[in-house]
Amino acid sequence: MSRPLLKSETRKGTGKNSLKRIREEGFIPGIVYGHNKDSKSVSFEKKDLERLLTKYGVGSSVALKMEEEICHAIIKDIHRHITKHHILHIDLQELDASEKVKVKIPLILLNRALVESSISVVQQQITELEIQAYPKYLPQSIEVDLSNMKYGEPIRIKDIKAIVGENIEIFHDSEEIVVLITTASKEVIVQEESADEKLKSLY
């Protein structure tokens, strides 16, 4: 499975002054840790990291380059400035190819507009799935096509299992509802009718 490449540089300093200097030089400090592995202090070029994080986020898997080696890793946490929201620090978990890992993966709905109307609305009950798999099988997200969905026939976890396949274990009850179509509230319908009436009165 294709993963974005994230290049890192080893860093020695860990104090506030050192971290400030790293950021002033155009880098973002980070840490890489893993099961039975020593934690590694690293840094990333700010532009490269920001570009990657426009498409990927917490829970995404990456090909992490550390010195001359490339390993599988997961973005575990992104620390941002409380008001300016720029990236201050990033945590990654290095994965062992022979060990399964449990993560939360975003659930993306496709073709939502095809089944929504003025009287029917798609209601997403679950936005991310907790799954477990070997690193090579980890997806960046799980997509669910709604184009054939009908009112009164919700999509459940057991339907998602057919999408992800046997290599991914889902930690949810099979009957749990993922997404359903509901009727728009009367208030919304009345407002839309009123808007139509106002439009007609202009002609």
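Thresholds, definitions, all that
Residues numbered from 1 in each chain as written. Predicted model: local features only at pLDDT ≥ 70, side-chain atom pairs only at ≥ 80, totals over all residues. Heavy atoms only, no water. Helix = DSSP H or I, 4+ residues; strand = E, 2+ residues; numbered from the N terminus. Rg over C-alpha atoms; globule rule 2.2 N^0.38 Å. Buried < 20%, exposed > 50% of the residue type's maximum accessible area, 1.4 Å probe, protein only. Contact = heavy atoms within 4.5 Å. Areas by Shrake-Rupley, 256 points an atom, 1.4 Å probe, with all protein chains shown as cover. Arc of directions from axis to C-beta. Core = buried A, V, L, I, M, F, W, Y, C linked by side-chain atoms within 4.5 Å. Pairing = 2+ DSSP bridges. Axes fitted to C-alpha atoms, helices over the stretch in contact; angles between N-to-C directions. Polar contact = N/O pair within 3.5 Å; in protein donor to acceptor, adjacent residues only side chain to side chain. Salt bridge = Lys/Arg side-chain N within 4 Å of Asp/Glu carboxyl O.

Moving on to the overall build of the protein. What the protein contains, in helices and strands, is 4 helices and 13 strands. Relative to the compact-globule value of 17 Å for 203 residues, the protein shows a C-alpha radius of gyration of 22 Å, a clear excess of over 25%. The C-alpha extent of the protein, read off along each of the three principal axes, is 70 × 45 × 25 Å. In the protein, buried positions account for 35% of the 203 residues. Nonlocal contacts in the protein, meaning residues at least 24 apart in sequence, comprise 60% of its contacts between residues at least 6 apart. In the form shown here, the protein has an accessible surface area of approximately 13,000 Å², with 48% of it arising from carbon and sulfur atoms.

To continue, consider helix α3 (residues 157-164). Among the residues of α3, those classed as buried are Ile157, Ile160 and Val164. Each buried residue of α3 lies within a common arc of 50° when the element is viewed along its axis, so the set occupies one face. Buried residues along α3 sit against β9 (128-133), β10 (142-145), β11 (155-156), β12 (169-170) and β13 (177-183). Glycine 165 lies just past α3 and shows a positive phi near 90°.

On to the nonpolar core, then. Of all hydrophobic cores here, the largest spans 27 residues; its most connected members are Leu129, Ile131, Leu138, Ile142, Leu146, Ile160 and Val179. Elements that contribute at least two residues to this core include exactly β7 (101-110), β9, β10, α3 and β13. In contact with isoleucine 142, not counting residues within four places along its chain, are Ile105, Pro106, Leu107, Ile108, Leu129, Ile131, Ile160 and Val164. By size, the runner-up hydrophobic cluster in this structure holds 18 residues, among which are Val32, Leu49, Leu64 and Ile90.

Glancing now at unusual backbone geometry. Notably, asparagine 36 is not glycine yet its phi reads approximately 60°, a positive angle. Overall, asparagine 36 belongs to the exposed group, its relative accessible area being 71%.

Turning our attention to the sheet that holds strand β3 (residues 37-45). As summarised here, the arrangement of the 6 strands in space is β1-β3-β2-β6-β5-β4, forming a closed barrel in which the pairing is mixed. Here the strands of the sheet are splayed against their neighbours by 45° on average, with no regard to which way each runs. Contacts from helix α1 (residues 16-24) reach β2 (27-34), β3 and β6 (87-94), with the element oriented near 120° to β2.

Within the secondary structure layout, histidine 89 lies in strand β6. Reaching out from histidine 89, the side chain makes a polar contact with the side chain of aspartate 91 at a distance of 3.0 Å. In this view, histidine 89 contacts Arg11, Ile28, Pro29, Gly30, Ile31, Asp77, Ile78 and His79; residues no more than four positions away in its chain are not counted.

Paired through their backbone hydrogen bonds, the strands of a sheet run either parallel or antiparallel. Taken together, 3 strands build an open sheet; the order of strands is β8-β13-β11 and the sheet is antiparallel. A strand with exactly one partner marks an edge of an open sheet, and here the two such strands are β8 (120-124) and β11. Note that β8 and β13 share 5 bridges and pair antiparallel. Residue pairing across strands places serine 120 opposite threonine 183, the latter belonging to β13.

With that settled, consider the pattern of salt bridges. Scanning the model with the defined rule gives 7 salt bridges in all. One salt bridge connects glutamate 116 with arginine 112, and the closest N-O pair in it is separated by 3.5 Å. For arginine 112, a relative accessible area of 33% corresponds to the partly exposed category. A salt bridge links arginine 156 to glutamate 175; its shortest N-O distance comes to 3.9 Å. With arginine 156 in strand β11 and glutamate 175 in the loop between β12 and β13, this residue pair connects regions lying 19 residues apart in the sequence. The class for arginine 156 is partly exposed, based on a relative accessible area of 24%. Connected via shared salt-bridge partners are Lys37, Lys40 and Glu94.

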